[in-house]
Amino acid sequence: MRKQYSLSSFSFFILFLHCTNTFAQSPVAAPAQAPAAVVAQPPAATPTQAAAPHGITNVTKILEKAGHFTIFIRLLRSTQEENHLFSALNDSSSGLTIFAPTDSAFSELKSGTLNTLSDGDKSELVKFHVVPTFLSTSQFQTVSNPLGTWAGTGSRLPLNVTSYPNSVNITTGLTNTSLSGTVYTDSQLAIYKIEKVLLPKDIFASNAPAPAPVQAPVREKPTKAVPAANVESPVAPVDISSSVTFMQNSVIGSVGIVLAAAMFAL
(Lines give C-alpha, C1' and ligand atoms only; values in the text may rest on other atoms or scores of the structure.)
Protein backbone atom coordinates (compact mmCIF):
# COMPACT_ATOMS: atom_id res chain seq x y z
CA MET A 1 0.00 0.00 0.00
CA ARG A 2 2.75 2.37 0.89
CA LYS A 3 4.46 1.74 -2.45
CA GLN A 4 1.24 2.37 -4.36
CA TYR A 5 0.63 5.52 -2.29
CA SER A 6 4.16 6.70 -2.98
CA LEU A 7 3.77 6.06 -6.70
CA SER A 8 0.47 7.89 -6.69
CA SER A 9 1.98 10.79 -4.83
CA PHE A 10 4.93 10.86 -7.20
CA SER A 11 2.61 10.76 -10.22
CA PHE A 12 0.52 13.56 -8.77
CA PHE A 13 3.69 15.56 -8.15
CA ILE A 14 4.83 15.05 -11.76
CA LEU A 15 1.40 16.11 -13.02
CA PHE A 16 1.51 19.19 -10.78
CA LEU A 17 4.90 20.19 -12.16
CA HIS A 18 3.68 19.74 -15.73
CA CYS A 19 0.62 21.89 -15.10
CA THR A 20 2.75 24.48 -13.39
CA ASN A 21 5.08 24.69 -16.40
CA THR A 22 2.09 24.93 -18.74
CA PHE A 23 0.51 27.81 -16.81
CA ALA A 24 3.90 29.44 -16.40
CA GLN A 25 4.42 29.51 -20.16
CA SER A 26 1.02 31.02 -20.97
CA PRO A 27 1.84 34.52 -19.58
CA VAL A 28 4.99 34.57 -21.71
CA ALA A 29 2.96 34.16 -24.90
CA ALA A 30 0.75 37.16 -24.10
CA PRO A 31 3.54 39.78 -24.34
CA ALA A 32 4.46 38.38 -27.75
CA GLN A 33 1.16 39.71 -29.11
CA ALA A 34 1.71 43.25 -27.77
CA PRO A 35 4.54 44.15 -30.21
CA ALA A 36 2.30 43.10 -33.11
CA ALA A 37 -0.19 45.83 -32.16
CA VAL A 38 2.61 48.40 -31.92
CA VAL A 39 4.04 47.47 -35.33
CA ALA A 40 0.63 47.87 -36.96
CA GLN A 41 0.34 51.58 -36.02
CA PRO A 42 2.98 53.23 -38.33
CA PRO A 43 1.17 52.34 -41.60
CA ALA A 44 -1.92 54.13 -40.28
CA ALA A 45 0.08 57.38 -40.05
CA THR A 46 1.24 57.21 -43.69
CA PRO A 47 -2.05 58.38 -45.35
CA THR A 48 -2.13 61.40 -43.04
CA GLN A 49 1.37 62.40 -44.10
CA ALA A 50 0.59 61.87 -47.77
CA ALA A 51 -2.46 64.11 -47.58
CA ALA A 52 -0.44 67.05 -46.23
CA PRO A 53 1.21 68.01 -49.56
CA HIS A 54 -2.20 68.18 -51.28
CA GLY A 55 -3.28 70.90 -48.86
CA ILE A 56 0.04 72.75 -49.04
CA THR A 57 0.20 72.92 -52.85
CA ASN A 58 -3.28 74.38 -53.24
CA VAL A 59 -2.30 77.72 -54.77
CA THR A 60 -5.61 79.52 -54.26
CA LYS A 61 -5.69 78.62 -50.56
CA ILE A 62 -2.15 79.94 -50.14
CA LEU A 63 -3.10 83.21 -51.87
CA GLU A 64 -6.31 83.51 -49.84
CA LYS A 65 -4.35 83.13 -46.62
CA ALA A 66 -1.80 85.74 -47.74
CA GLY A 67 -4.52 88.26 -48.70
CA HIS A 68 -4.65 91.03 -51.38
CA PHE A 69 -4.88 88.58 -54.32
CA THR A 70 -8.67 88.53 -54.82
CA ILE A 71 -8.68 89.37 -58.55
CA PHE A 72 -5.89 86.94 -59.42
CA ILE A 73 -7.70 84.16 -57.52
CA ARG A 74 -10.89 85.00 -59.42
CA LEU A 75 -9.02 84.65 -62.72
CA LEU A 76 -7.47 81.34 -61.64
CA ARG A 77 -10.92 79.93 -60.93
CA SER A 78 -12.83 81.39 -63.90
CA THR A 79 -10.20 80.10 -66.37
CA GLN A 80 -9.94 76.67 -64.66
CA GLU A 81 -6.21 77.24 -64.26
CA GLU A 82 -6.64 76.54 -60.55
CA ASN A 83 -7.19 72.84 -61.35
CA HIS A 84 -4.32 72.87 -63.83
CA LEU A 85 -1.97 74.17 -61.13
CA PHE A 86 -3.15 71.60 -58.63
CA SER A 87 -2.57 68.73 -61.07
CA ALA A 88 0.83 70.01 -62.17
CA LEU A 89 2.09 70.42 -58.62
CA ASN A 90 1.11 66.90 -57.66
CA ASP A 91 2.22 65.20 -60.89
CA SER A 92 5.34 67.13 -61.91
CA SER A 93 8.79 66.82 -60.38
CA SER A 94 10.10 70.11 -61.82
CA GLY A 95 7.80 72.31 -59.74
CA LEU A 96 6.34 75.73 -60.57
CA THR A 97 7.09 79.42 -60.12
CA ILE A 98 4.17 81.87 -59.99
CA PHE A 99 4.33 85.67 -60.26
CA ALA A 100 1.16 86.77 -58.43
CA PRO A 101 -0.12 90.33 -59.13
CA THR A 102 -1.78 92.03 -56.16
CA ASP A 103 -5.20 93.67 -56.31
CA SER A 104 -3.50 97.07 -56.49
CA ALA A 105 -1.60 95.84 -59.56
CA PHE A 106 -4.86 95.10 -61.37
CA SER A 107 -6.28 98.48 -60.28
CA GLU A 108 -3.53 100.20 -62.30
CA LEU A 109 -4.92 98.74 -65.54
CA LYS A 110 -7.28 100.84 -67.63
CA SER A 111 -10.84 100.53 -66.38
CA GLY A 112 -12.66 97.59 -67.98
CA THR A 113 -9.49 95.99 -69.37
CA LEU A 114 -10.24 92.51 -68.06
CA ASN A 115 -13.88 92.68 -69.21
CA THR A 116 -12.78 93.30 -72.81
CA LEU A 117 -10.68 90.12 -72.89
CA SER A 118 -12.03 86.86 -74.27
CA ASP A 119 -11.93 83.68 -72.20
CA GLY A 120 -8.91 82.54 -74.20
CA ASP A 121 -7.07 85.81 -73.56
CA LYS A 122 -7.80 85.61 -69.83
CA SER A 123 -6.43 82.08 -69.73
CA GLU A 124 -3.30 83.18 -71.61
CA LEU A 125 -2.86 86.12 -69.23
CA VAL A 126 -2.89 83.76 -66.22
CA LYS A 127 -0.52 81.29 -67.90
CA PHE A 128 1.89 84.15 -68.67
CA HIS A 129 2.43 84.46 -64.90
CA VAL A 130 3.41 80.78 -64.45
CA VAL A 131 6.90 79.40 -65.14
CA PRO A 132 6.92 75.56 -65.43
CA THR A 133 9.96 75.12 -63.18
CA PHE A 134 10.74 75.93 -59.56
CA LEU A 135 12.98 79.01 -59.24
CA SER A 136 14.39 80.19 -55.94
CA THR A 137 15.53 83.81 -55.64
CA SER A 138 19.15 82.73 -56.03
CA GLN A 139 18.39 80.87 -59.26
CA PHE A 140 17.27 84.10 -60.97
CA GLN A 141 20.96 85.01 -61.18
CA THR A 142 21.73 82.17 -63.59
CA VAL A 143 18.44 81.73 -65.43
CA SER A 144 18.40 82.04 -69.24
CA ASN A 145 16.22 84.69 -70.89
CA PRO A 146 13.59 84.81 -72.14
CA LEU A 147 11.81 82.60 -69.62
CA GLY A 148 9.34 80.10 -70.98
CA THR A 149 5.89 80.30 -69.42
CA TRP A 150 2.73 78.24 -69.65
CA ALA A 151 1.55 80.74 -72.27
CA GLY A 152 4.45 79.78 -74.55
CA THR A 153 7.59 81.44 -75.91
CA GLY A 154 8.52 83.69 -78.80
CA SER A 155 8.71 87.37 -79.73
CA ARG A 156 5.05 87.91 -78.81
CA LEU A 157 5.48 86.37 -75.35
CA PRO A 158 8.82 87.60 -73.99
CA LEU A 159 9.49 87.41 -70.26
CA ASN A 160 12.95 88.53 -69.18
CA VAL A 161 14.37 88.48 -65.67
CA THR A 162 17.36 90.47 -64.41
CA SER A 163 18.78 89.77 -60.97
CA TYR A 164 20.49 92.44 -58.87
CA PRO A 165 22.05 92.13 -55.40
CA ASN A 166 18.87 93.31 -53.67
CA SER A 167 16.13 92.92 -56.28
CA VAL A 168 14.82 90.92 -59.23
CA ASN A 169 13.45 92.87 -62.21
CA ILE A 170 10.90 91.49 -64.71
CA THR A 171 10.12 92.93 -68.14
CA THR A 172 7.72 91.89 -70.90
CA GLY A 173 8.19 94.72 -73.38
CA LEU A 174 5.02 96.33 -72.01
CA THR A 175 5.52 95.84 -68.25
CA ASN A 176 8.51 96.65 -66.09
CA THR A 177 8.28 95.57 -62.45
CA SER A 178 10.18 93.88 -59.62
CA LEU A 179 9.50 91.15 -57.10
CA SER A 180 8.09 92.86 -54.01
CA GLY A 181 8.07 89.81 -51.73
CA THR A 182 7.82 86.05 -51.36
CA VAL A 183 4.32 84.72 -50.68
CA TYR A 184 5.29 81.05 -50.38
CA THR A 185 8.23 78.80 -51.19
CA ASP A 186 9.32 75.20 -50.68
CA SER A 187 11.27 72.74 -52.82
CA GLN A 188 8.44 72.46 -55.35
CA LEU A 189 6.48 75.73 -55.46
CA ALA A 190 7.52 79.39 -55.34
CA ILE A 191 4.98 82.25 -55.34
CA TYR A 192 6.33 85.80 -55.64
CA LYS A 193 4.33 89.01 -55.20
CA ILE A 194 4.48 91.65 -57.95
CA GLU A 195 2.92 95.13 -58.03
CA LYS A 196 2.14 95.20 -61.77
CA VAL A 197 0.29 92.79 -64.05
CA LEU A 198 2.61 91.14 -66.58
CA LEU A 199 1.11 92.13 -69.94
CA PRO A 200 2.07 89.89 -72.89
CA LYS A 201 2.55 91.55 -76.27
CA ASP A 202 0.45 88.80 -77.81
CA ILE A 203 -2.67 90.36 -76.24
CA PHE A 204 -1.90 93.97 -75.36
CA ALA A 205 0.63 95.20 -77.95
CA SER A 206 -0.73 97.78 -80.43
CA ASN A 207 -0.71 96.96 -84.14
CA ALA A 208 0.96 100.29 -85.01
CA PRO A 209 -1.96 102.26 -86.52
CA ALA A 210 -0.82 105.35 -84.60
CA PRO A 211 2.08 106.42 -86.89
CA ALA A 212 -0.27 106.92 -89.91
CA PRO A 213 -2.17 109.92 -88.48
CA VAL A 214 1.11 111.54 -87.44
CA GLN A 215 2.63 111.34 -90.93
CA ALA A 216 -0.45 112.56 -92.83
CA PRO A 217 -0.41 116.21 -91.71
CA VAL A 218 3.37 116.42 -92.20
CA ARG A 219 2.99 115.60 -95.88
CA GLU A 220 0.08 118.00 -96.51
CA LYS A 221 1.64 121.17 -95.04
CA PRO A 222 4.65 121.51 -97.41
CA THR A 223 2.54 120.88 -100.55
CA LYS A 224 0.20 123.80 -99.67
CA ALA A 225 2.99 126.26 -98.80
CA VAL A 226 5.03 125.87 -102.03
CA PRO A 227 2.32 126.94 -104.56
CA ALA A 228 1.51 130.07 -102.53
CA ALA A 229 5.04 131.42 -102.99
CA ASN A 230 5.09 130.62 -106.73
CA VAL A 231 1.81 132.46 -107.46
CA GLU A 232 3.02 135.81 -106.12
CA SER A 233 6.40 135.82 -107.91
CA PRO A 234 5.13 136.60 -111.50
CA VAL A 235 3.48 139.88 -110.33
CA ALA A 236 6.82 141.66 -109.91
CA PRO A 237 7.89 141.64 -113.65
CA VAL A 238 4.62 143.35 -114.71
CA ASP A 239 5.21 146.32 -112.42
CA ILE A 240 8.90 146.58 -113.42
CA SER A 241 8.19 146.66 -117.18
CA SER A 242 5.71 149.52 -116.84
CA SER A 243 8.22 151.53 -114.83
CA VAL A 244 10.89 151.01 -117.49
CA THR A 245 8.52 152.21 -120.22
CA PHE A 246 7.68 155.32 -118.22
CA MET A 247 11.37 156.10 -117.76
CA GLN A 248 12.04 155.68 -121.51
CA ASN A 249 9.27 158.14 -122.38
CA SER A 250 10.59 160.64 -119.88
CA VAL A 251 14.09 160.46 -121.36
CA ILE A 252 12.81 160.92 -124.92
CA GLY A 253 10.74 163.92 -123.84
CA SER A 254 13.71 165.52 -122.14
CA VAL A 255 15.90 165.08 -125.22
CA GLY A 256 13.26 166.72 -127.40
CA ILE A 257 13.09 169.75 -125.16
CA VAL A 258 16.88 170.15 -125.22
CA LEU A 259 16.98 169.99 -129.03
CA ALA A 260 14.22 172.56 -129.33
CA ALA A 261 15.98 174.97 -127.02
CA ALA A 262 19.21 174.64 -129.04
CA MET A 263 17.48 175.44 -132.33
CA PHE A 264 15.75 178.44 -130.80
CA ALA A 265 19.13 179.76 -129.66
CA LEU A 266 20.48 179.59 -133.23
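Residues numbered from 1 in each chain as written. Predicted model: local features only at pLDDT ≥ 70, side-chain atom pairs only at ≥ 80, totals over all residues. Heavy atoms only, no water.

Colleague: Mind laying out the overall build of the chain, listing which residues take part and the relevant values?
Modeller: Helices and strands together make up the secondary structure of the chain, namely 10 helices and 6 strands. Split into buried and exposed, the 266 residues of the chain put 25% on the buried side. Here the chain has roughly 17,700 Å² of accessible surface; of this, 62% comes from carbon and sulfur atoms. (Helix = DSSP H or I, 4+ residues; strand = E, 2+ residues; numbered from the N terminus. Buried < 20%, exposed > 50% of the residue type's maximum accessible area, 1.4 Å probe, protein only. Areas by Shrake-Rupley, 256 points an atom, 1.4 Å probe, with all protein chains shown as cover.)

Colleague: I'd love a proper account of the packing of aromatic side chains, names of residues and values included.
Modeller: Applying the stated rule across the entire model yields 3 aromatic pairs. Each residue in the set Phe-99, Phe-140 and Tyr-192 is aromatic and connected to the rest through ring pairs, giving one cluster. (Phe/Tyr/Trp six-rings, centres within 6.5 Å; stacked < 30°, edge-to-face > 60°.)

Colleague: Talk me through helix 7 (residues 119-127); I want residue IDs and the actual numbers.
Modeller: By the burial criterion, the buried members of helix 7 are Lys-122, Ser-123, Glu-124, Leu-125 and Val-126. Against helix 4 (70-78), helix 5 (81-91), strand 2 (130-131) and helix 8 (201-204) lie the buried residues of helix 7. (Contact = heavy atoms within 4.5 Å.)

Colleague: Before we move on, could you go through the sheet that holds strand 4 (residues 168-171) and cite the residues and values that matter?
Modeller: The mixed open sheet is built from 6 strands, whose spatial order is 2-1-6-5-4-3. Only two strands of the sheet have a single partner each, and these edge strands are strand 2 and strand 3 (160-163). Pairing between strand 4 and strand 5 (residues 176-185): 3 bridges, direction antiparallel. In the sheet register, Asn-169 faces strand 5, and the bridge partner there is Ser-178. Along the sheet face, helix 5 touches strand 1 (96-101), strand 2 and strand 6 (189-194) and points at about 150° away from the line of strand 1. (Pairing = 2+ DSSP bridges. Axes fitted to C-alpha atoms, helices over the stretch in contact; angles between N-to-C directions.)

Colleague: Requested: an account of the nonpolar core, with residues and values cited.
Modeller: Core analysis: the biggest nonpolar cluster contains 27 residues, and Val-59, Leu-63, Ile-98, Leu-189 and Ile-191 have the highest contact counts within it. Within the residue set of this core, elements represented by two or more residues are helix 3 (59-66), helix 4, helix 5, strand 1, helix 6 (103-107), helix 7 and strand 6. Filtering out sequence-adjacent residues up to four positions away, Leu-63 remains in contact with Phe-69, Phe-72, Ile-73, Leu-76, Ala-100, Val-183 and Ile-191. Listed in part, the 17 residues of the second largest apolar core include Leu-135, Leu-147, Val-161 and Tyr-192. (Core = buried A, V, L, I, M, F, W, Y, C linked by side-chain atoms within 4.5 Å.)

Colleague: Can you break down the side chain of Thr-97 residue by residue, with the values?
Modeller: In this structure, Thr-97 sits in strand 1. Of the polar contacts made by the side chain of Thr-97, one reaches the backbone oxygen of Thr-133; its length is 2.6 Å. Within polar-contact distance, the side chain of Thr-97 engages the backbone nitrogen of Leu-135 at 2.7 Å. Not counting residues up to four positions away in its chain, the partners in contact with Thr-97 are His-129, Val-130, Val-131, Thr-133, Phe-134, Leu-135, Ala-190 and Tyr-192. (Polar contact = N/O pair within 3.5 Å; in protein donor to acceptor, adjacent residues only side chain to side chain.)

Colleague: How would you sum up the side chain of Asn-58? Please name residues and give values.
Modeller: Relative to the helices and strands, Asn-58 is located in the loop between helix 2 (41-56) and helix 3. For Asn-58, the side chain forms a polar contact with the side chain of Thr-60, separated by 2.8 Å. Other than its neighbours up to four places away in sequence, Asn-58 contacts Glu-82 and Phe-86.

Colleague: Quick one: what's the story with the environment of Leu-109, residue by residue and with numbers?
Modeller: With respect to the helices, strands and loops of the structure, Leu-109 is situated in the loop between helix 6 and helix 7. Under the relative-accessibility criterion, Leu-109 is labelled buried at 18%. Residues Leu-109 and Lys-196, spaced 87 residues apart in sequence, show a C-alpha to C-alpha distance of 8.7 Å. Leave out the neighbours within four places in its chain, and Leu-109 touches Val-197 and Leu-199.

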